[in-house]
Amino acid sequence: MEQIGRTGVPAMHAVLLNEKSILIIDKAEENEAKLDSGVSAYSTLYDTETNEYRTLLLETNTFCSAGGFLGNGTFISTGGAESRSIWKAGKGHQSIRHFQPCSDSTCHWQEFPTGKMYSNRWYPTVEQLPEGDLIIVGGSNAGTKYNTVIKNTPSYEFWPPRTAEPIQLDLLLHTLPNNLYPFVFLLPDGNLFIFASTKSIIYDYKNHVVVKELPRMPGVPRSYPLTGGAVMLPLRPENNYNVEILICGGSASAKATTPADDTCGKINLGHQEPKWEMDTFVHKRVMPDGVFGTDGSIIWVNGCQRGYAGYKDANHDPTFDPLIYHPEKPLGSRWQQGLANTDIARMYHSVALTLPDGRIWIAGSNSVDPPDIYAKYPTEYRVEYFSPPYLFKSNTRPKISHVPRVVTYDTEFNVLLHLEQNEKDLDKVQVAILRPGFSTHSMHMSQRYVYLVHNVSKDFQSLNITTPPNANIFPPGQAFLIVLYDGVPCKATEFFIEHEEEDLLI
């Protein structure tokens, strides 16, 4: 665990724009980063190579918003909170913001301040769809400790808009008060898995109907403010992209004294009658961040052992120890402990992102309002990098080159491969694609890891790779190509998977 760099604003939200740039979004508040006008910034662009940031101007309040990429490569930020005149921030509840990634310092926010969404949405979830647009699910219409009947926004809509009005989602009527930032995953059959509190459904968003109600997950609620974390485990072509969802952590009540939960549940959606298989989470943890290692494992960081997601002394006893979950191992043997830890509390408003080089970028933590770097659990501007064990497994890593910038679905492409091992084994080569997703509040919206069909040349110097068969497996847009040898990943290369090559606009 290495601490280097500062974000300038607390990293309440973060997304990897390309191989080195991270877009950071806070809410409108007083921060150490200042715009040229002298007003406090609440968005920065962070360079993981130089560990320096550039301030960005925002004019709507992005507090507790959501985000995702359109298929054309444009990043979209949705929703937010009340206006804050001190920082010249307008109301953000219905705002849509565009950010088009660039390779220089010319990219900036483009905002559509009011009325672009049908409903006020604070704490909504965004999921990228196979058509290349976004679905925006749930939230509340105003600030709240937890959701209520009056403040609930039990509906979804699309960006760009598909319907003339928002569509009611009954699941969000029946999961109060713990249903903000619901977990949403696009499934290979084109439907959605949607989870809130302890309930989940498979949902057809095109015809607006519930396909299947799933069993209630045992134990405590897992949604904000009793925040757990959720991951759709890696998809594999050899089992027809069978889906398993893993949900870990949470809390029993929104009290500062309540111990966090120490269980996980996994549900196999490929079973005719899916059931939750319960497992330990090793540590009590609320507000955990579960991200993919570039080797396909799930790395859990951040969170605390007592309390709930919120301000005013709501979080206590930070968890300093990362954990790694190995999904391919049997129940009882999946957890790896004894890893490099931290001494920085990463609790409410922390984030984590997987980088192309295999490290995990960790930032944020701001459970005090206004920000205070001298508090017991201070506002954090420091950045950390966690290097997982797979980076130390071998003295050499695979190398790839000549990766095309854009490919289309169900096609083949070739890349050059370099392996330094004297004796090579075809069975030790794997190929995968990663989308790190949009990180906020233990959510990793649109995060995805998919293994690809491939063939290695006889001389081990090239790979023929087949792209996913359709956009339900991996929605269009940014991907990071990873080649592994004996569990050791190469440095991933950014490329794009599109319906048509000309769909990409960046």
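Here, the structure is the one placed above.
Computed from a prediction, not measured in an experiment: that's the story for all the values here.

About the cut-offs
- Residues numbered from 1 in each chain as written.
- Predicted model: local features only at pLDDT ≥ 70, side-chain atom pairs only at ≥ 80, totals over all residues.
- Heavy atoms only, no water.
- Helix = DSSP H or I, 4+ residues; strand = E, 2+ residues; numbered from the N terminus.
- Rg over C-alpha atoms; globule rule 2.2 N^0.38 Å.
- Buried < 20%, exposed > 50% of the residue type's maximum accessible area, 1.4 Å probe, protein only.
- Contact = heavy atoms within 4.5 Å.
- Polar contact = N/O pair within 3.5 Å; in protein donor to acceptor, adjacent residues only side chain to side chain.
- Salt bridge = Lys/Arg side-chain N within 4 Å of Asp/Glu carboxyl O.
- Phe/Tyr/Trp six-rings, centres within 6.5 Å; stacked < 30°, edge-to-face > 60°.
- Lys NZ or Arg CZ within 6 Å of the ring centre and 35° of its normal.
- Core = buried A, V, L, I, M, F, W, Y, C linked by side-chain atoms within 4.5 Å.
- Pairing = 2+ DSSP bridges.
- Axes fitted to C-alpha atoms, helices over the stretch in contact; angles between N-to-C directions.
- Disulfide = S-S within 2.5 Å.

Chemist: Please explain the overall build of the chain as it appears in this structure.
Modeler: Along the chain, the regular secondary structure elements total zero helices and 42 strands. Scaling as 2.2 N^0.38, a compact globule of 506 residues should have a C-alpha radius of gyration of about 23 Å, and the chain matches this with 21 Å. Over its C-alpha atoms, taken along the principal directions, the chain stretches across nearly 65 × 55 × 50 Å. Taking all 506 residues of the chain together, the buried fraction comes to 64%.

Chemist: How should the environment of D369 be read in this particular structure?
Modeler: Along the chain, D369 turns up in the loop between strand 29 (360-364) and strand 30 (382-386). Considering only alpha carbons, one finds D369 and Y311, 58 residues apart in sequence, at a separation of 6.9 Å. Filtering out sequence-adjacent residues up to four positions away, D369 remains in contact with K27, E29 and Y311. At 3.2 Å, the side chain of D369 and the side chain of K27 are in polar contact.

Chemist: Just checking my understanding: could you explain the pattern of salt bridges for this structure?
Modeler: Oppositely charged side chains are able to pair whenever their charged atoms sit close together. With the rule as written, the count across this model stands at 20 salt bridges. Residues E111 and R97 are paired through a salt bridge, measuring 4.0 Å at the closest nitrogen-oxygen approach. Of this pair, E111 sits in strand 9 (residues 109-112) while R97 is found in strand 8 (residues 96-99), placing the two residues 14 residues apart along the sequence. With relative accessibility at 0%, the residue R97 sits in the buried group. Here R448 makes a salt bridge to E127, at a shortest N to O gap of 3.9 Å. One end of the pair, R448, is in strand 37 (residues 448-451); the other, E127, is in strand 10 (residues 125-128), with 321 residues separating them in the sequence.

Chemist: I'm lost on the packing of aromatic side chains in this one. Help?
Modeler: Given two aromatic rings, one states the distance between the centres and the angle between the planes to describe the pair. Evaluation of the coordinates by the stated rule reveals 23 aromatic pairs. The interplanar angle of 70 degrees and the centroid separation of 4.8 Å between the aromatic rings of Y123 and Y181 together place this pair among those described as edge-to-face. Remark: Y181 occurs in the loop between strand 13 (167-168) and strand 14 (183-186) and Y123 occurs in the loop between strand 9 and strand 10; sequence separation between them is 58 residues. Taking the relative accessible area as the measure of exposure, Y181 reaches 2% and is therefore buried. Considering the side-chain rings of F281 and W335, the 5.7 Å spacing of their centres and the 55 degrees angle between planes classify their relative orientation as tilted. Here the residue F281 occupies a position in the loop between strand 21 (276-280) and strand 22 (289-292), and W335 occupies one in strand 27 (residues 335-336), the gap between them amounting to 54 residues. By relative accessible area, which is 0% here, F281 ends up buried. An aromatic cluster is present here, built from F63, W122, Y123, Y181, Y224, Y311 and Y348 joined pairwise through their rings. One cation-aromatic arrangement involves K27 over F63; the distance from NZ or CZ to the ring centre is 4.4 Å. Its end group placed over the ring of F281, R285 keeps NZ or CZ at 5.8 Å from the ring centre.

Chemist: What is the right way to read the nonpolar core from this model?
Modeler: Soluble globular proteins: nonpolar side chains tend toward being buried together. In terms of nonpolar packing, the biggest core is built from 94 residues, with L23, F75 and L481 touching the most fellow members. Counting residues per element, this core draws most heavily on strand 40 (residues 477-485), at four residues. Counting residues in each nonpolar core, the second largest holds 37 residues, with V9, L16, L233 and L434 among its members.

Chemist: Sorry, what's going on with the sheet that holds strand 21 here?
Modeler: Paired through their backbone hydrogen bonds, the strands of a sheet run either parallel or antiparallel. In space, the four strands of this open sheet follow the order 18-19-20-21, with antiparallel pairing throughout. This sheet does not close on itself; its edge strands, each paired only once, are strand 18 (229-232) and strand 21. Across the sheet, the mean angle from the axis of one strand to that of its neighbour is 20 degrees, orientation sign disregarded. Pairing between strand 18 and strand 19 (residues 244-248): four bridges, direction antiparallel. Counterpart to M232 in the pairing with strand 19 is I245.

Chemist: Honestly, unusual backbone geometry in this entry has me stumped. Any pointers?
Modeler: Leave glycine aside and you will find that most residues have negative phi; peptide bonds, for their part, are mostly trans. Here the residue pair Y224 and P225 is connected by a cis peptide bond, since its omega of 5 degrees sits within 30 degrees of zero. Looking at the element boundaries, P225 is found in the loop between strand 17 (209-213) and strand 18. Between D369 and the following residue, P370, the backbone shows a cis peptide bond with an omega angle of 5 degrees. Considering the arrangement of structural elements, one finds P370 in the loop between strand 29 and strand 30. Located in the positive-phi region is N51, a residue other than glycine, with phi close to 55 degrees. Within the element layout of this structure, N51 appears in the loop between strand 4 (43-47) and strand 5 (52-55). Residue classification places N51 among the buried positions, given a relative accessible area of 16%.

Chemist: Hey, could you run me through the state of the cysteines in this one?
Modeler: Between two cysteines, a covalent bond joining their sulfur atoms is known as a disulfide. Per the stated rule, a full pass over the model turns up two disulfides. Free cysteine: C304, not disulfide-bonded; nearest cysteine sulfur from C248 at 16 Å.

Chemist: Before we go on, may I ask you to explain the sheet that holds strand 29 in this structure?
Modeler: Taken in spatial order, the four strands line up as 1-30-29-28 in an open sheet, and their pairing is antiparallel. The open sheet terminates on both sides in strands that have one partner only, identified here as strand 1 (2-6) and strand 28 (350-354). With direction set aside, neighbouring strand axes in the sheet form an average angle of 25 degrees. Two strands pair when backbone bridges link them, and strand 29 and strand 30 are joined in this way by three bridges, in the antiparallel orientation. By the bridge assignment, I360 is partnered in strand 30 with F386.

Chemist: Teacher, can you tell me more about the side chain of H316 here?
Modeler: Inspection of the secondary structure puts H316 in strand 25 (residues 315-318). Reaching out from H316, the side chain makes a polar contact with the backbone oxygen of D313 at a distance of 2.8 Å.

Chemist: Mind showing me how you'd approach the side chain of N51 here?
Modeler: Only 2.7 Å separates the side chain of N51 from the side chain of Y46, close enough to count as a polar contact. Sequence-distant contacts of N51, that is, excluding residues within four places in its chain, are made with I4, G5, R6, Y46 and Y385.

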